[in-house]
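Structure at a glance
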Amino acid sequence: METVIELRHLSKAFGANVVLKDINASIHKGDVTCVIGASGSGKSTMLRCINLLETPTSGDILYHDKSILNEKISLNEYRTHVGMCFQSFNLFNNMTVLKNCMIGQMKVLKRSKEEARVNAIRYLEKVGMAPYINARPDQISGGQKQRVAIARALAMNPEVLLFDEPTSALDPEMVGEVLSVMKSLAKEGMTMVVVTHEMGFAKDVANRVLFMEQGVIAEEGTPEEIFTNPKNERTKEFLSRILNK
Amino acid sequence: MVLTKLLKDIAKIWTKYKWSYINGIRNTILLAFIGTVLGCIIGFICGILQTIPVSKKDHPIKKAAVYAIRGIVRAYVEIFRGTPMVLQAVFFYYGLSYLTNGALNFTDPWTCSIFVVSINTGAYMAETVRGGILAIERGQTEGAKAIGMSHVQTMLYVILPQTLRNILPQIGNNYIINIKDTSVMFMISFTELFAAHRSVAGATYQYFPSAAIEMVAYLCLTLASSVILRLWEKKLAGKSSYELATADQLSPTAGTLNSPQKGSNFDERHIETKGGQN
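What counts as what
Residues numbered from 1 in each chain as written. Chains lettered and ligands numbered in written order. Predicted model: local features only at pLDDT ≥ 70, side-chain atom pairs only at ≥ 80, totals over all residues. Heavy atoms only, no water. Helix = DSSP H or I, 4+ residues; strand = E, 2+ residues; numbered from the N terminus. Buried < 20%, exposed > 50% of the residue type's maximum accessible area, 1.4 Å probe, protein only. Contact = heavy atoms within 4.5 Å. Areas by Shrake-Rupley, 256 points an atom, 1.4 Å probe, with all protein chains shown as cover. Lys, Arg positive; Asp, Glu negative; His and termini not counted. Charge placed at Lys NZ, Arg CZ, Asp CG, Glu CD. Core = buried A, V, L, I, M, F, W, Y, C linked by side-chain atoms within 4.5 Å. Pairing = 2+ DSSP bridges. Right-handed = clockwise from strand over helix to strand, strands pointing away. Buried area = accessible area lost by both parts, 1.4 Å probe. Salt bridge = Lys/Arg side-chain N within 4 Å of Asp/Glu carboxyl O. Polar contact = N/O pair within 3.5 Å; in protein donor to acceptor, adjacent residues only side chain to side chain. Axes fitted to C-alpha atoms, helices over the stretch in contact; angles between N-to-C directions. Parallel < 35°, antiparallel > 145°, perpendicular 65-115°, else oblique. Left-handed = near helix turned anticlockwise from the far one by under 90°. Phe/Tyr/Trp six-rings, centres within 6.5 Å; stacked < 30°, edge-to-face > 60°. Lys NZ or Arg CZ within 6 Å of the ring centre and 35° of its normal. Expected span 1.5 Å × (residues − 1). Arc of directions from axis to C-beta.

**Overview of the overall build of chain B**
- Along its length, chain B carries eight helices and three strands.
- When the helices and strands of chain B are read in sequence order from the N terminus, they spell out α-α-α-α-α-α-α-α-β-β-β.
- A burial count over chain B gives 39% of its 278 residues as buried.
- Within chain B, counting contacts between residues at least 6 apart in sequence, those at least 24 apart form 66% of the total.
- Accessible area of chain B: about 15,900 Å², with a carbon and sulfur share of 66%.

If you want it as C-alpha cells, here you go:
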C-alpha cells in the first residue's frame, strides 16, 4: 500500500515537558486512521506536527518519501496537500461562508475567481451548506461551522485531511451531522487522520486505530483488534473507562 | 442681556471674518484627515513589522534584522509618543535646516504640519495596531496556515481586516484628537481654525465672541466625525441578515434569515425570521 505520510522517531517537547516520545507511524493512501487516547496523551500534538503547526523537536516527517523538514520543500505548498480541520473550526470571521472556501484557492492555488467559486460551491453542497454561502461564521451553528471548515479544506483538493477533535466543541445534537459528512468522505476513499473521542466513529469508519498514552503509540491495529481484543493493559483500561460511561 | 450682546458680537465678527473661519475649518479638516490616514498607514506598517514571527530555527541574519526592526519601531514610538506635538512641529520646521546646514528644510507649513501630525498619529497607532493584531485569536492564523497561506497573505486577508474592524473606535479617537490638537500648528504659522481665532481676536480684541465661534465650530467638526465613524463601523460589521441561496445558486432569496448581530454584545437579542421562513 502506498505510504503518504511517515513519521520517524518524532519527538516534541515544550520546554522540559516531553509530549511526544519517539513516534513512528505511517499513513497509507485511502486509510482512515483514528487516533484515540486520554486527554494529554499527545494525540493533537502529533496531528499538529504532521502539518507543522508545531515544529518537532527531533525526528523526521516524510511526505511521499521526502522530508518536509528539509528547507527546500515549500511548507505552504505541502500544507495545500494536507488539509486540516480544527476543534474550534477557525473559519475566517471577516468572510462569508463562500469566501472562506474561495480565498485559499484564489490566493494560494491561484485559481480564477469563477473556478474557485464553482469548486467551493461543489464542496459546500457536499457538506450540505450550499444554502448558507452568504452567511458569516458568527451567524451559523457549531455543526454548520465545522461542515464549512471541512468544505474549506476539501476545496483545496488535498491528498490527506487531518481532523483535530472535530466534534469535541459541539453540542451533542450537532455531532451527528459532522460525523456523517466525515463518514461519506471516508467512503469516497479520502485519506484521513482523525483525532477523536468518538469511539463509535472509530469503530465503524476507521480501518486503523492508534492508541496513544503518555506521548507514545501504545498500541495500533484494526478497530476489531483494538476494541474487541486489546493487548495492551493501558488500552484495556482506557476503553473500559470510556465505553462504560 | 449679556446673551443678546454676545450674539450680536458674534454675528458682527462672523459677517466680517467668516472666510477666515471657514478657511480655518477647511485646513483643520484637511490636516486632521490626511494626518490620520497617513498616521494609520504608518501605524499599520509598524504594527505589522513588530509582529513578524521569528522562530529559533530562522537564519541568524533574519533574526538580527527582525530584532533590529523591532528596536527601531520601539524607539520611534517612544520618542514621538513621549514628546509634545507642538515641540516636534517647531523642531522640524525651524530646527531641521539648522541641523542639516540648510540642506533639508520644510519650506511651507503644510508639508511640515502633515508630516508632524502623521508621524505623531503613527506612533500612537503603532501600539493600537500591535494590540489589535495580538487580540485576534490564534485560531485565525492557524486556519490560514493550514490552507497554505504565507505570513503576508494571512495578515492581508485574514488578520488585518479583522484588526481594522476592532481598532476602528481607536482610529476615530485619534481623528477627533487630531481635529483639536492640530491647533498647535499655529506655532509654525499654519492657518488652521485656532489660527483664525488668534488673528480675528488680535484685530478686534473680541476674545470671547471669537472663542465662542471656535468652540461651536470644533464641536460641530467632532460631532460630525463621530457620526461618520459610527456609520463606517456599522458598515464594516456587515449585514445583520443573510439570504438563503437556492439549490441552483442562480436565483437567491429563498428567504432571509435575521441574525441578531447589531448593537452591543450586551444588548438583549431577538431572533426574527422574515420573508417566507416559518
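**A few points about the overall build of chain A**
- When you go through chain A residue by residue, the secondary structure sums to nine helices and ten strands.
- The principal-axis extents of the C-alpha atoms in chain A amount to approximately 55 × 45 × 35 Å.
- Within chain A, the proportion of its 245 residues that are buried is 57%.
- If you take every contact in chain A between residues at least 6 apart in sequence, the share linking residues at least 24 apart comes to 67%.
- On chain A, the mean spot of the 30 positive side-chain charges and the mean spot of the 29 negative ones are 6 Å from each other.

**Quick notes on the nonpolar core**
Residue and element names in this part refer to chain A.
- Core analysis: the biggest nonpolar cluster contains 58 residues, and Ile36, Leu124, Ile150, Phe163, Met182 and Met192 have the highest contact counts within it.
- Residue contributions to this core peak at eight residues, all from helix α6 (residues 172-187).
- Not counting residues up to four positions away in its chain, the partners in contact with Phe163 are Leu47, Cys85, Ile150, Met182, Leu185, Met192, Val193, Val194 and Val195.
- Of all hydrophobic cores here, the second largest spans 29 residues; its members include Cys49, Tyr63, Met84 and Phe86.

**Notes on the pairing of strand β8 (residues 191-195) of chain A**
Residue and element names in this part refer to chain A.
- Burial analysis of β8 places five of its five residues in the buried class, which makes it a mostly covered element.
- Burial along β8 is two-sided: the residues Thr191, Val193 and Val195 and Met192 and Val194 are all buried.
- Note that strand β3 (residues 32-37) and β8 share four bridges and pair parallel. Residue pairing in the sheet places Cys34 in a bridge with Val194 of β8.
- Following the backbone out of strand β7 (residues 160-164), through α6 and into the adjacent parallel β8, one traces a crossover that is right-handed.

**A few points about the interface of chain A and chain B**
- Taken together, the contact pairs 38 residues of chain A with 33 residues of chain B.
- Summed over both sides, the interface of chain A with chain B buries roughly 2,800 Å², with 51% coming from carbon and sulfur.
- Between chain A and chain B we count one salt bridge in total.
- Between Arg48 of chain A and Glu142 of chain B there is a salt bridge; the shortest N-O distance is 2.6 Å.
- Remark: the boundary between chain A and chain B carries seven residue pairs in polar contact (both at pLDDT 80 or more).
- Every element with two or more residues in the side of chain A that touches chain B is listed here: α2 (75-81), β6 (82-85), α3 (97-107) and α4 (113-126) of chain A.

**Details of the packing of helix α1 (residues 2-50) of chain B against helix α4 (residues 109-135) of chain B**
All names here are of chain B.
- The geometry of α1 relative to α4 is characterised by a closest axis approach of 5 Å and an angle of 40 degrees between their N-to-C directions. As summarised for this structure, α1 and α4 are arranged oblique, according to the angle between their axes. Like other packed secondary-structure pairs, α1 and α4 cross with a definite hand, here right-handed.

**Observations concerning the packing of aromatic side chains**
- Scanning the model with the defined rule gives 13 aromatic pairs over all chains in all.
- Each ring, one from Phe80 of chain B and one from Phe92 of chain B, has its centre 6.4 Å from the other, and the planes form 10 degrees; the classification is stacked. Of this pair, Phe80 of chain B sits in helix α2 (residues 60-81) while Phe92 of chain B is found in helix α3 (residues 85-99), placing the two residues twelve residues apart along the sequence.
- Ring plane angle 40 degrees and centroid distance 5.4 Å describe the contact between Phe106 of chain B and Phe115 of chain B, whose orientation is recorded as tilted.
- Three or more aromatic residues joined by ring pairs make a cluster, and in this case those are Tyr76, Phe80, Phe91, Phe92, Phe106 and Phe115 of chain B.
- Positioned above the aromatic ring of Phe92 of chain A is the side chain of Arg152 of chain A, whose terminal nitrogen or guanidinium carbon lies 4.5 Å from the ring centre.

**Quick look at the sheet that holds β6 of chain A**
Residues and elements named next belong to chain A.
- Taken together, the six strands give an open sheet; going across it, the order is β6-β7-β8-β3-β9-β10, and neighbouring strands pair in mixed fashion. Pairing within the sheet leaves two strands with one partner each, and these edge strands are β6 and β10 (216-221). Sheet twist, expressed as the average angle between the axes of neighbouring strands with direction ignored, equals 20 degrees.
- Against the sheet, helix α1 (residues 43-50) touches β3, β6, β7, β8, β9 (208-213) and β10, its axis set at about 150 degrees to β7.

**A short note on α6 of chain A**
Residue and element names in this part refer to chain A.
- The terminal C-alpha atoms of α6, which comprises 16 residues, lie 23 Å apart, in line with the 22 Å expected from a rise of 1.5 Å per residue.
- All buried positions along α6 are accounted for by Met174, Val175, Val178, Leu179, Val181, Met182, Leu185 and Ala186. Buried residues along α6 cover an arc of 155 degrees about the axis, so they all sit on one side. Along α6, the residues that are exposed and aim more than 90 degrees away from the buried face are Glu173 and Lys187.
- Each element contacted by the buried residues of α6 is listed here: β3, α4, α5 (142-155), β7, β8 and α7 (199-205).
- Phi turns positive, to about 95 degrees, at Gly189, one or two residues after α6.

**Things to note about the side chain of Asp164 of chain A**
All names here are of chain A.
- Positionally, Asp164 belongs in strand β7.
- Although Asp164 is buried, it makes no salt bridge; Arg48 carries the closest opposite charge, 5.0 Å away.
- Separated by 2.7 Å, the side chains of Asp164 and Ser44 make a polar contact.
- Residues in contact with Asp164, not counting those within four places in the same chain, are Ser44, Leu47, Arg48, Met84, Cys85, Phe86, Gln87 and Val195.

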